[in-house]
Amino acid sequence: MKINLASSEKFRNRHISPSEKDLQAMLKTIGVDSLETLIDETIPQNIRLKHPLQLPPPLSENLFLKSFKTTVGKNQIFKSYIGLGYYDTLLPGVIQRNILENPGWYTAYTPYQAEIAQGRLEALINFQTMVSELTGMELANASLLDEGTAAAEAMTMLYASKGRSKKKATTFFIDEKVFEQTKEVLKTRASPVGIALKIGPLSDLDLTDPDLFGVLLQYPNSDGEVINYNGLVASAKENEVSTAFSTDLLSLTLLKPPGEMGADVVIGSTQRFGIPMGFGGPHAAFFATKEAYKRQIPGRIIGVSVDKSGNNAYRMALQTREQHIKRERATSNICTAQVLLAVMAGMYAVYHGPKGLKAIASRTHGLAVMTAEWLKLLGFEQVNEAYFDTIRINVDEVQKEKLRAFALSKKLNFRYENNYILLSFDQAKTRQDVVEIFEVFAKSTNKLQLEIPEIPSQIESTIPSSLERESKYLEHEVFQKYHSEHEMLRYLKKLENKDLSLVHSMISLGSCTMKLNATTEMIPVTWPEIGQLHPFAPQNQAAGYYEMFQDLRNWLSEITGFADTSLQPNSGAQGEYAGLMVIRAYHQSRNEEFRNVVLIPSSAHGTNPASAVMAGMKVVIIPCDEKGNIDVPAFKEKAAAHKDQLAALMVTYPSTHGVFEEAIREICDLVHEYGGQVYMDGANMNAQVGLTSPGMIGADVCHLNLHKTFCIPHGGGGPGIGPICVAKHLVPFLPGNPFVKTGGTAAITPISAAPFGSASILPIPYAYIAMMGEEGLSKATKVAILNANYIKKRLESDFPILYTGTNGRAAHEMILDCRSFKEFGVEVEDIAKRLMDYGFHAPTVSFPVPGTLMVEPTESESKEELDRFCDAMLSIRQEIREVVEGIADKSSNVLKNAPHTAAIIISDNWDFPYSREKAAYPLPFVKESKFWPSVGRIDAAYGDRNLMCSCIPTSEFSTEEV
C-alpha cells in the first residue's frame, strides 16, 4: 500500500454536508445527470464567470489557525487609556464560555418565532431593564448597532416627532464635546434628510431659536467632565426643544441619570459591560426614551404578553420590522440589532448585580482620583472640575511629546489633544497601573528621586453631591440572585435550553442563509490579539489587523468582481445606506445633485426603500410580472420617465423570489444609459459566489451580508456586517473616519463609529474564505442551489412553488404558496407554529409575498436533514387535508393549537379532539430528540395593548414557570 504524505483534510468537506453518494441521489430525484447540468439550467449563461476566482489555495483548519495566529501576533497589545467610548473590561469566564463561545446562543435566529426563543427574549428583557433603570428612562429597546448610529437614530426620531410649534424646525445642536466619531456619523445622517447641524460650545446654544428642535449632550463629555444639565434641560423644555444624552452606563451607577434631569432620549454603548474592545466592535448600543415615544422608538423592543394558556411570555413588541411595514415611509432602516452582545452585557449586570456594578464604577473613579492627586505632586494640573473616569492634564508641547515617547516605551496609550493629555480608567486597571503612570510622568519632569506615594486602600470621591446618584436601580430579583458562578451557569443553561438554534435542526429561513458557523472560524474571536485593541490605537500597533483587512478586501473584491471594498458598515442595512451614500457622492462630484430617484422592484427587501429615503432619495416602485421577475416593460417606462433624475436602481440578485432573472444585464445597461448607477443587494450572494458576480451582471456597488454568505453567526439577531464592494469609479467615495485614515480620496463621512466597523468578527469570514478556497466556495454555491431544488422537487406536488426560472429551477431559495389554505381556516402562521412541534424553526413567513413560506436550506445541511424537513412539511400538508376534508375540527386541530408544550401534553385535562402523540410526536424522528417549546402560542395583540418591556415582577409568575 502506498501512502500519500501530501494528503490533508479539506475544510470544504466539513462545511458542505451532503456526501458524494447523497449528491447523486438528490440529482436523480431532481432529474438531472450532474451538478453542472443543474447549474447550467439555473444560472443564465451570459452572466456566468469565464474564469475561476483568483484566491489563495485553501488551508486546512489546523494550518489556518497556526497561520492566522502568526498574522494577528503582529498586533501589539498596549494598555489603553484612550477612552472615547472604548474601554478595557473583564468578561466573566462563565459568560464567555456559555454565551460568546456557545453555538446554542450564537447560531440562533432573530426571535420572530417567540415560542422557541424565550431564553433570548428573557435575556433581552434583562438588557432593556438594565438600560432603562440605569438611565432613569421609562422604556429601552433591545440594542442598536453602535453609539454613533444610536445618536443618529435619536436625532432622526426627534426630528420626526416634533411638536406643532416646531414643525418647520430643522436645526439640531451638538455640543462640541460629544465624541468626535459620533459627530461625524451625525453629519452623514443629517444632510440627506434636511437636518441642519450646528456644532459648537454650549455657550453658543440658543434655546429660543425657533428653528432649533433638538440638542445632543455627552455625559460625561469627551473631555471627561461631568456637568449638571438640569437647568439646560428645563430651559429646553420651556422652548419645546428636545434633549438627547449620549452617556456611559457604568458612570450612571454613581452619577445622577439623564432621565432624572428630564432627558427625552438617552443613548450610548454597553461595551464596558464585559464586551472586549475588539478594535471597534461589535458592541451593543442602547436607546432609552420616554413612554410617549414608544411607537417611534427605532429597532426592536421586547415586550411581555400571554400565551394560549394565559401564562406570561415574551415576544417582540410593536414595530418589530418597521421598515418592512412602512417601506419608503419608514424613518429607520434598522433590520439587525446586536443581540448576542446585548445578551452578554445584560448578563454582566445580572452576574455583578447593582452592588457589583457600583463597586466597579467606584474603583474606576477612585483610580482616576488617585492618579490626579499623585500627578499634582509632580506639578501637573488636572483641569476637570468634576469627572468620572477621565482626567485631563495640562501640558506644553515639549512635555506632551516627551510623555508620548515615555508612555509608548512602557506600552501605554494615552490620549493627546492640543495641550492636554487625557487618561481614561476602566475595570481592568489597578493601583499598580497608577504607579506606572506616576513613573512615566516623573521621568518627564526629572523628578525620578521623588518617592512614590503610599498606595491608599480608600480615597475620597470628587463627584459633587448635586450629581451623585440617589435613586436605586436593578432591584429586580434577576439582578440579585445569580452572583455565584454555579447559579449563573445554571441560569444561562436554563435560558439556552428554551431556544431552538442550529444546534438542534435546520433553520431554513429564506434570504437569511442560516449556514454552519464552523468552530475553527469562531476560535480567533476570543483571542486577546483580536479583542484587546482600541480602535484608535496607533496603526503600527495593529499590523495584524491591517494585514487581515487588506486580504479580506482583496478577496471580497475578487468574489464580487469589483475594484475595492469598505469593511465599515456594521449591518446589511448599513451597507445599503453606505452604497447609496457613495452613489450620492459620485453624482455630486459630477455636479449632478439633481439625480435623486431610485428605482426599486416591488419584491425588494423592506430595508431597500427605507435606506433610499434615508439617503435623501425619492423611491419609485417597479412592479413584478406574473413570474416574479421585474416587469421589464414597466421598468423601461419608469426609467425613461425619470431618466433625467435617475440616481440608481436597487436590485436583489437572484431575486427575492428565488429566481435568476434573465433580463438583468439589459436592465443594468439601461440604467447606465440614463446616467444612473446599479446597487445590488447582496442578501442572496450565496447563490452567486464563484459562479457569477455583481460586477458580471453590471452592478456598480453591492453590499455583502457577512452574517449570511460568509458565515458570521446571526447571534439571535445580531451582530452582522454589511461591507460594500464598489467599481473603480466609486472607490474615491468609500467612507472615512475622523481618527484613522480609511476610505477613498474623496471619502464620505463615516457610516459607523469605528473605522472598520465590527472588526473583531471579521476573522470569521476571513477564515471561511481562507479555508474554502475557490473550489470550495464554488462548490458551496452549487450545493446550496442543489439543496434548494431537491426540497422543491420533494414538496412541489403538495405546496405550489410560486416562482421558478426559465427551466423550472429555483436559485438557492424558493417560495411555497400557502394562500389557498386560508379558505379552509388554515393560515401560514399555523404552519409556522406547527413546525415547532416537529422540532423546526419556520421558514421566512409572508415575505416577500403574504401567505407564503420562503425556504433556503444552504449547503451545510445534509440530505438526511433536508429529508426530515420535507417529511415534516408533507406531514403538515396531510394535517391540512384533514381540516379541508372535515376529518379534523376546523377551529381545534393540531395546526390551530400549535405549538404544544410539555405542560399541555402532560396535563390531566386533555380536551383536544386528537391524541397527545399526534400533537407532540407527529413523526418517528421527533421522538429521538424532542425540542419542547417553552410556551404556547403567544397573543401578540394582547402584548401591544398592554405594553410591558421590562422584567416581569416576580409576584406575577405562576408556580409553573414560563
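Report on the accompanying structure. Sequence order as written defines the numbering, with residues in each chain counted from 1. Owing to the predicted nature of the model, reporting of local features is limited to residues with pLDDT of at least 70; listing and counting of side-chain atom pairs is limited to 80 or more, with chain, interface and lining totals taken over all residues. Where side-chain values are given, they derive from all heavy atoms of the structure, hydrogens and water being excluded.

Points about the overall build of the chain
Then, in step 1: Going along the chain from the N terminus, every DSSP run of H or I of four or more residues is numbered as a helix, and every run of E of two or more is numbered as a strand. In terms of helices and strands, the chain carries 31 helices and 25 strands.
Then, in step 2: Relative to the globule expectation of 30 Å for 962 residues, the C-alpha radius of gyration of the chain, 28 Å, shows essentially globular dimensions.
Then, in step 3: For every residue, the accessible area obtained with a 1.4 Å probe (protein chains only) is divided by the maximum for its type, and the residue is called buried under 20%, exposed over 50%, and partly exposed between those limits. Buried residues in the chain amount to 64% of all 962 residues.
Then, in step 4: Note on contacts: a residue pair is in contact if any heavy atoms of the two residues lie within 4.5 Å. A fraction of 77% describes how many contacts in the chain between residues 6 or more apart in sequence connect residues 24 or more apart. Here the radius of gyration uses the C-alpha set of atoms, whereas the globule reference equals 2.2 Å times the residue count to the power 0.38.

Points about a nonpolar patch on the surface
Then, in step 1: Think of a patch as exposed residues, more than 30% relative accessible area, with no salt bridge, where like charges cluster within 9 Å and nonpolar side chains (Val, Leu, Ile, Met, Phe, Trp, Tyr) cluster within 5 Å. A 1.4 Å probe and the Shrake-Rupley method give the accessible areas. Residues count as covered only by the protein chains that appear here. Any carboxyl oxygen of Asp or Glu that lies within 4 Å of a side-chain nitrogen of Lys or Arg is treated as forming a salt bridge with it. Nonpolar side chains collect at one region of the surface, where Met1, Ile3 and Leu5 lie side by side and expose about 500 Å² of accessible area between them.
Then, in step 2: The topology assignment puts Leu5 in the segment before helix H1 (11-15).

Observations regarding the pairing of strand E15 (residues 420-424)
Then, in step 1: The buried fraction of E15 is high, at four of five residues.
Then, in step 2: The pairing criterion for strands is at least two bridges between them, as found by DSSP. Relative to E15, strand E12 (residues 390-394) is paired through five bridges, and the arrangement is antiparallel. Bridge pairing in E15 places Thr390 opposite Ser424.
Then, in step 3: Two elements, strand E14 (residues 415-417) and E15, share three bridges in a ladder whose sense is antiparallel. Its bridge partner being in E15, Glu417 is matched across the sheet by Tyr420.
Then, in step 4: In sequence, E14 turns back onto E15 through a hairpin of two residues, with Asn418 there showing a positive phi of about 50°.

A closer look at helix H12 (residues 339-377)
Then, in step 1: What a helix should span is 1.5 Å times the count of its residues minus one. Over its 39 residues, H12 extends only 46 Å from the first C-alpha to the last, a length that falls short of the 57 Å expected when each residue adds 1.5 Å.
Then, in step 2: Bend is computed residue by residue as the angle between axes fitted to the seven residues ending at the residue and the seven residues starting at it. Where H12 bends most, the angle comes to about 100°, and this point is Gly353, followed within four residues by the proline Pro354.
Then, in step 3: The buried count for H12 comes to 30 of 39 residues, which makes it a mostly enclosed element.
Then, in step 4: Gly379 occupies a position one or two residues after H12 and carries a positive phi of about 95°.

Some thoughts on the sheet that holds strand E8 (residues 285-289)
Within a sheet, neighbouring strands are paired by backbone hydrogen bonds and run either parallel or antiparallel to one another.
Then, in step 1: Pairing is mixed in the open sheet, where seven strands are placed in the order E2-E8-E7-E6-E5-E3-E4. The open sheet is flanked by strand E2 (139-140) and strand E4 (196-200), the only strands paired with a single partner.
Then, in step 2: Each axis is a line fitted through C-alpha atoms, and for a helix only the stretch in contact is used; angles between axes span 0 to 180 degrees, taken between their N-to-C directions. Strand contacts of helix H9 (residues 180-190): strand E3 (171-175), E4 and strand E5 (212-219), with the helix running at about 160° to E4, the strand carrying the most contacts.

Topic: the packing of helix H7 (residues 118-135) against H12
Then, in step 1: At a minimum axis distance of 8 Å, the contact between H7 and H12 shows a crossing angle of 65°. Considering the angle they form, H7 stands roughly perpendicular to H12. Here H7 runs over H12; the crossing is left-handed. Residues Ala123, Leu124, Asn126, Phe127 and Met130 of H7 pack against Val339, Ala342, Val343, Ala345, Gly346, Met347, Ala349 and Val350 of H12. Each angle is binned into one of four classes, with values under 35 degrees roughly parallel, values over 145 roughly antiparallel, values of 65 to 115 roughly perpendicular, and all other values oblique. Left-handed describes a crossing in which the near helix is turned anticlockwise from the far one by less than a right angle; the clockwise case is right-handed.

Digging into the side chain of Thr781
Then, in step 1: Tracing the backbone shows Thr781 in helix H25 (residues 763-795).
Then, in step 2: For the purposes of these results, a polar contact is taken to be a pair of N or O atoms within 3.5 Å, where, inside protein, one atom must be able to donate a hydrogen and its partner to accept one; residues adjacent in sequence count only when each atom of the pair is a side-chain atom. A polar contact is formed between the side chain of Thr781 and the backbone oxygen of Val689, at a distance of 2.6 Å.
Then, in step 3: Ignoring any residue separated from it by four or fewer positions in sequence, one finds Thr781 in contact with Asn686, Ala687, Gln688, Val689 and Leu691.

Here we look at the pattern of salt bridges
Then, in step 1: For the structure shown, the criterion picks out 54 salt bridges.
Then, in step 2: Among the salt bridges present, the one from Glu180 reaches Lys183, with a minimum N-O distance of 3.1 Å. Of this pair, Glu180 and Lys183 both sit in helix H9, separated by three residues, roughly a single helical turn.
Then, in step 3: Note that Arg404 is salt-bridged to Glu401, the shortest N-O span being 3.1 Å. Note that Arg404 and Glu401 are positioned in helix H13 (residues 397-409) at a spacing of three residues, about one turn of the helix.
Then, in step 4: Looking at Glu401, the relative accessible area reads 35%, which means it is partly exposed.
Then, in step 5: The structure contains a network of salt bridges with shared partners spanning Lys177, Asp223, Glu225 and Arg392.

Digging into the environment of Tyr293
Then, in step 1: In this structure, Tyr293 sits in the loop between E8 and strand E9 (301-306).
Then, in step 2: Judged by relative accessible area, which is 11%, Tyr293 ranks as buried.
Then, in step 3: Distance in space between the C-alpha atoms of Tyr293 and Met370 is 42 Å, their sequence separation being 77 residues.
Then, in step 4: Residues contacting Tyr293, with those up to four places away along its chain left out, are Met157, Leu158, Ser161, Ser242 and Asp264.

Taken by themselves, the reported measurements are silent on function.
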